Amino acid sequence: MNAVTGWVGGWVGRIAALIAGSVLAIGTSAAATPVKVTLNAPFDGSNAAFFLAQQRGYYAAEGLDVQFDPSGGSGEVATRIGSGAYDFGFGDINVLMEFNAKNPSAAGKAVYMLYYRSPLSVASFAKTGINKPADLNGRKLGGALTDGAFKLFPAYAELAGVKPETVKWEYGDLRLREVMLLKGDVDAVLGFDSTMYFSFVRQGIKPEDIKFLYYADIGLDIYGNGIVVSKKMLDSNPAAVKGFVAATAKGWRDAIANPGAAIAALKGKSALVDEKLEMAKLEWLIKNQIVTAESRADGMGGVRTDRMNKAIDTLTKAFALPVKPKLDEVFSSAFLPPADIRKLP
């Protein structure tokens, strides 16, 4: 009888342990904080690192249940963040600054820098003869209204000596912008260098026939894309902000060390992507926008005070902002993860 009792007791104990484990798992899942993230573009190589962070459980380890959505560009990211419909975004810090100036009650902030050299540029084909900024006068340009390059064109024109009143515009969706140039409807288009370059290459344009005029080359020494956070999230859950930034930083660290792993994670999210093309795009971004003398020296995520203040001065004038923002109204370093996570591999 004692043996039977012991056998039954053992099974009861095992069942109780299984139930307890199930309850714990359910409790852990229920405790995860749901957050919505608006990315910079459709799912592609430029945002593959976020999916790598998700695949490797970095967000889950921070207690976050993350939903990623594509967007039509940094203008849309700023609007979504400002409305509070999205908690986090990956977008142009300068576009966010303009949005905040016009909507101070809904002002979000950048909390982690990723693009240390701005990819904003004007793209054309060699046959159009656009070799310097002055060649844009009197031309027809194409852009997406929500894109950072279009939003910041007035700042570029101001420094480059381009007469905006002479420029004719053709507007299109971010995903169809390059088609306007391919069809000959415009002389040049505005956007991120990598996005436009690989779109043209995919359509059979020879690399040597693709020309860029970079905003950065005429003195617009601005930072580019980073992680931005809504005011609602900053005010209500700073712990979630800190966790999201740390998890994303790990994802980018891993993607820089192994771009192939990031593209594999992207493929798992969007099965129809061209892996070879998106790998080249990610490697381009790492080489040209992310890994710079500044990010090597300082690590990723932060900004330099002098450079950021000069950028604010330039953009306040270019955007004709009523009040110049203070640096801490644009960027917060309070959520940066430890140096070992921020260090370039």
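Each value, and the rule that gives it
- Residues numbered from 1 in each chain as written.
- Predicted model: local features only at pLDDT ≥ 70, side-chain atom pairs only at ≥ 80, totals over all residues.
- Heavy atoms only, no water.
- Helix = DSSP H or I, 4+ residues; strand = E, 2+ residues; numbered from the N terminus.
- Buried < 20%, exposed > 50% of the residue type's maximum accessible area, 1.4 Å probe, protein only.
- Contact = heavy atoms within 4.5 Å.
- Areas by Shrake-Rupley, 256 points an atom, 1.4 Å probe, with all protein chains shown as cover.
- Lys, Arg positive; Asp, Glu negative; His and termini not counted.
- Charge placed at Lys NZ, Arg CZ, Asp CG, Glu CD.
- Pairing = 2+ DSSP bridges.
- Axes fitted to C-alpha atoms, helices over the stretch in contact; angles between N-to-C directions.
- Salt bridge = Lys/Arg side-chain N within 4 Å of Asp/Glu carboxyl O.
- pLDDT = per-residue confidence, 0-100.
- Parallel < 35°, antiparallel > 145°, perpendicular 65-115°, else oblique.
- Left-handed = near helix turned anticlockwise from the far one by under 90°.
- Nonpolar A, V, L, I, M, F, W, Y, C, P; charged D, E, K, R; others polar.
- Phe/Tyr/Trp six-rings, centres within 6.5 Å; stacked < 30°, edge-to-face > 60°.
- Lys NZ or Arg CZ within 6 Å of the ring centre and 35° of its normal.

### Focus on the overall build of the chain
For step 1, the next point in the chain: On a plain count of helices and strands, the chain comes out with 17 helices and 10 strands.
For step 2, the next point in the chain: Judged by the C-alpha coordinates and their principal axes, the chain covers about 100 × 45 × 35 Å.
For step 3, the next point in the chain: Per-residue burial over the chain gives 52% buried out of 345 residues.
For step 4, the next point in the chain: Counted over contacts in the chain with a minimum sequence separation of 6, partners at least 24 positions apart contribute 78%.
For step 5, the next point in the chain: Here the chain has roughly 15300 Å² of accessible surface; of this, 56% comes from carbon and sulfur atoms.
For step 6, the next point in the chain: Distance between charge centres in the chain, computed from 39 positive and 35 negative side chains, equals 1 Å.

### Brief notes about the sheet that holds strand S3 (residues 88–92)
For step 1, the next point in the chain: As summarised here, the arrangement of the five strands in space is S2-S1-S3-S10-S4, forming an open sheet in which the pairing is mixed. Among the strands making up the open sheet, the edge pair consists of strand S2 (64–69) and strand S4 (109–113). Across the sheet, the mean angle separating the axes of adjacent strands is 30 degrees when strand polarity is ignored.
For step 2, the next point in the chain: One ladder, built from five bridges, connects S3 with strand S10 (residues 225–229); its direction is antiparallel.

### A closer look at the sheet that holds strand S6 (residues 140–143)
For step 1, the next point in the chain: The strand order across the open sheet built from five strands is S7-S6-S8-S5-S9, with neighbouring strands paired in mixed fashion. Taken across any chain shown, the strands that pair with only one partner, and hence form the sheet edges, are strand S7 (168–171) and strand S9 (210–214). Pairs of neighbouring strands in the sheet enclose a mean axial angle of 30 degrees, with direction left out of account.
For step 2, the next point in the chain: Relative to strand S8 (residues 188–192), S6 is paired through two bridges, and the arrangement is parallel. Paired with Gly142 across the bridge in S8 is Val189.
For step 3, the next point in the chain: The strands that helix H7 (residues 153–160) touches are strand S5 (120–125), S6, S7, S8 and S9; relative to S9, the one it contacts most, it runs at about 80 degrees.
For step 4, the next point in the chain: In the packing of helix H9 (residues 193–202) onto the sheet, the strands contacted are S5, S8 and S9, and the crossing angle to S8 comes to about 120 degrees.

### A word on the pairing of S6
For step 1, the next point in the chain: As paired strands, S6 and S7 are joined by four bridges and run parallel to one another. Residue pairing in the sheet places Lys140 in a bridge with Lys168 of S7.

### Observations regarding the pattern of salt bridges
For step 1, the next point in the chain: One pass over the full model with this rule turns up 20 salt bridges.
For step 2, the next point in the chain: Glu98 serves as the salt-bridge partner of Lys102, at 3.2 Å between the closest nitrogen and oxygen. Of this pair, Lys102 and Glu98 both sit in helix H5 (residues 93–102), four residues apart, which is roughly one turn of that helix.

### Examining H5
For step 1, the next point in the chain: For H5, a buried count of eight out of 10 residues is recorded, marking the element as mostly surrounded by other parts of the structure.
For step 2, the next point in the chain: Among the residues making up H5, those that are buried are Ile93, Asn94, Val95, Leu96, Met97, Glu98, Phe99 and Asn100.

### Brief notes about the confidence of the model for the chain
For step 1, the next point in the chain: Confidence in the prediction of the chain, expressed as mean pLDDT, is 90, and 91% of residues score 70 or more.
For step 2, the next point in the chain: Within the model, pLDDT remains below 50 along residues 1–29, and this stretch shows zero contacts once partners closer than five positions in the same chain are excluded.

### Quick word on the packing of helix H4 (residues 74–83) against H5
Describing two packed helices takes the angle between their axes plus the distance from one axis to the other.
For step 1, the next point in the chain: At their nearest, the axes of H4 and H5 sit 9 Å apart, and the two run at 45 degrees to each other. Between H4 and H5, the angle falls in the class oblique. Between H4 and H5 the crossing geometry is right-handed. Every residue of H5 that contacts H4 at Ser74, Gly75, Ala78, Thr79 and Gly82 is listed here: Val95, Leu96 and Phe99.
For step 2, the next point in the chain: Classifying every residue of the contact of H4 with H5 by side-chain character gives four nonpolar, four polar and no charged.

### Notes on the packing of helix H11 (residues 238–257) against helix H13 (residues 275–290)
For step 1, the next point in the chain: Look at H11 against H13: their axes get within 10 Å of each other, and the N-to-C directions meet at 105 degrees. What the angle tells us is that H11 and H13 run roughly perpendicular. Contacts between H11 and H13 involve Trp252, Ala255 and Ile256 from the former and Leu282, Ile286 and Ile290 from the latter.
For step 2, the next point in the chain: When the residues that make up the contact of H11 with H13 are grouped by side-chain class, the tally is six nonpolar, no polar and no charged.

### Observations regarding unusual backbone geometry
For step 1, the next point in the chain: Phi at Ala320 takes a positive value of approximately 55 degrees, unusual for a residue other than glycine.
For step 2, the next point in the chain: Structurally, the position occupied by Ala320 is in the loop between helix H15 (305–318) and helix H16 (327–330).

### Focus: the packing of aromatic side chains
For step 1, the next point in the chain: Taken as a whole and assessed by the stated rule, the structure comprises 23 aromatic pairs.
For step 2, the next point in the chain: A ring pair is formed by Phe43 and Phe51, whose centres lie 4.9 Å apart and whose planes are at 75 degrees; its orientation type is edge-to-face.
For step 3, the next point in the chain: On the basis of an interplanar angle of 15 degrees and a centroid distance of 4.0 Å, the ring pair of Phe88 and Phe244 is categorised as stacked. With Phe88 in strand S3 and Phe244 in helix H11, this residue pair connects regions lying 156 residues apart in the sequence.
For step 4, the next point in the chain: The exposure class of Phe88 is buried, given its relative accessible area of 0%.
For step 5, the next point in the chain: Grouping aromatic residues by their ring pairs yields a cluster made of Phe43, Phe50, Phe51, Tyr59, Phe68, Phe88, Phe90, Tyr115, Phe192, Phe244 and Trp252.
For step 6, the next point in the chain: Here the guanidinium or amino end of Lys36 rests over the ring plane of Tyr86, the centre of that ring lying 4.4 Å away.
For step 7, the next point in the chain: Over the ring of Tyr58 we find Lys250, and its NZ or CZ is 5.8 Å from the ring centre.

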